[in-house]
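# Commentary on secondary and tertiary structure
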Amino acid sequence: MTDTFDLSLKSANKISDKLPKELQNPQIGIVCGSGLGGLANALKAEPQVTIEYKDIPGFKVSTVAGHAGKLVVGLLGEKNVPVVCMVGRFHFYEGYDIQDTVFPIRVFSQIGIKTVILTNAAGGLNQDFKVGDIMLINDHINLPGLAGNNPLRGPNDEKFGVRFLPLSDAYDHDLRRAVYDIAKKQGVTRGIHEGTYAFVSGPTYESRAEARMLSTIGADAVGMSTVPEVIVARHCGIKVLALSLITNVVVLKKPDSALNDNAAKLDEGIADHSEVMEEGQRAADDLVGIVTDLVNVV
């Protein structure tokens, strides 16, 4: 972990060296999930700095469609708040170590980020959710973490945070409340819910039996990211808001018997990454509006 601290400090210094005076000391970091990279387009055109991940020590290269792989630093909202946007993230399923996937959050902490806004595309397990709804994450189930793939596994560096980290307060109450207030003020009509996010390793979407299991243990949505970032953000003392865009409703119903001549097609309701991208595009305006106003009241 000492190497991680030193490397993250080196990366933070490299980023800071590229920033003009107006963009120094950003307080807010935004991680743009699948199809949600358009959030970075809300930044003011000038001043703005873009840094490719490949040019930042310790950063991996994003290999997934919809994850551009660049850091964009600029001003957002009426108050010209300096923010850092990750346009694309790294995933465990890409073959990276779990610690690699959260390294950017370590760098955020070294830059001085105090609040992170994490976005993702997720499948809705709660049958009251509709495609295009937004879920504010208020709790999570970390299945890979429970099996040993926890980003805090290994020696603990007290310069980052404590050895045994409580997560009962992981998702900031005031930030979640602010989203409701802003959405009401803006007249957002899509559904906004709160719920529990199940983190699975992917890259396969869940089978029907797996989906029923996740629903049974209390998950409202399921996805392949975010939770490791939340854990490390809290380890670094950073406040967290996490939003899931519901891009598909997960199929929970058991397949009909092969002996049933009127059986439903097995491909009914199958998730598709292109649909994730399309729904992200449709929801972008609402999310941009909410996040823009939010950073001006944090």
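Calculation notes
- Residues numbered from 1 in each chain as written.
- Predicted model: local features only at pLDDT ≥ 70, side-chain atom pairs only at ≥ 80, totals over all residues.
- Heavy atoms only, no water.
- UniProt positions renumbered as here; feature names shortened; annotations may be inferred.
- Salt bridge = Lys/Arg side-chain N within 4 Å of Asp/Glu carboxyl O.
- Helix = DSSP H or I, 4+ residues; strand = E, 2+ residues; numbered from the N terminus.
- Contact = heavy atoms within 4.5 Å.
- Buried < 20%, exposed > 50% of the residue type's maximum accessible area, 1.4 Å probe, protein only.
- Lys, Arg positive; Asp, Glu negative; His and termini not counted.
- Pairing = 2+ DSSP bridges.
- Core = buried A, V, L, I, M, F, W, Y, C linked by side-chain atoms within 4.5 Å.

As annotated in an unreviewed UniProt entry, the chain carries the name Purine nucleoside phosphorylase and is attributed to Yarrowia lipolytica. In its Sequence similarities (unreviewed entry) section, UniProt records this for the chain: "Belongs to the PNP/MTAP phosphorylase family." UniProt lists a comment for the chain under the heading Pathway (unreviewed entry), and it reads "Purine metabolism; purine nucleoside salvage."

On inspection of all chains with the given rule, the structure shows seven salt bridges. Two residues, K159 and D157, come together in a salt bridge whose shortest N-O distance is 3.3 Å. Taking the shortest distance from any N to any O, the salt bridge between D181 and R177 comes out at 3.5 Å. Of this pair, D181 and R177 both sit in helix 5 (residues 173-186), four residues apart, which is roughly one turn of that helix.

A few words now on the UniProt feature "binding site: a purine D-ribonucleoside" (unreviewed entry) in the chain. Residues given the UniProt feature "binding site: a purine D-ribonucleoside" (unreviewed entry) here are E206 and N248. Their sequence span is 43 residues, while the largest C-alpha to C-alpha distance among them is just 12.0 Å; these annotated residues converge on one region. When residues no more than four places from it in sequence are discounted, the contact partners of E206 are V200, A211, L214 and V222. Following the sequence through the fold, N248 ends up in strand 9 (residues 239-249).

On to the side chain of E206, then. Mapped onto the elements, E206 comes out in the loop between strand 7 (192-199) and helix 6 (208-216). We note that E206 is buried and unpaired, the nearest opposite charge coming from R208 at a distance of 11 Å.

Turning to the pairing of strand 7, a few remarks are in order. Judged by how many residues are buried, strand 7 sits mostly within the fold: six of eight residues are covered. Bridge analysis of strand 6 (residues 134-142) against strand 7 gives eight bridges, and the strand direction is parallel. If you follow I134 over to strand 7, its bridge partner there is I192. Relative to strand 8 (residues 221-223), strand 7 runs parallel, the two sharing three bridges. Bridge pairing in strand 8 places A198 opposite V222.

Note the cis peptide between E46 and P47, where omega equals -10 degrees. Here P47 shows up in the loop between strand 1 (28-32) and strand 2 (48-52). Looking along the chain, the bond that leaves G202 and enters P203 is cis, with omega of 5 degrees. Along the chain, P203 turns up in the loop between strand 7 and helix 6. One non-glycine residue, N25, lies in the positive phi region at around 60 degrees. Relative to the helices and strands, N25 is located in the loop between helix 1 (2-17) and strand 1.

To continue, consider the UniProt feature "binding site: phosphate" (unreviewed entry) in the chain. Here the UniProt feature "binding site: phosphate" (unreviewed entry) sits at S34, H67, R89, F90, H91, A121 and S225. Checked against the element boundaries, F90 lands in the loop between strand 4 (81-87) and helix 2 (98-101). Here F90 is in contact with Y53, F59, K60, V61, S62, Y96, D100, T101 and P104, once residues within four sequence places are set aside. Mapped onto the elements, H91 comes out in the loop between strand 4 and helix 2. Accessibility expressed as a relative area gives 4% for H91, which makes it buried.

By size, the foremost hydrophobic cluster in this structure holds 49 residues, and its most contacted members are I15, L71, F108, V116 and Y171. Excluding its chain neighbours within four sequence positions, the residues that come into contact with I15 are I51, I56, L71, V107 and I111.

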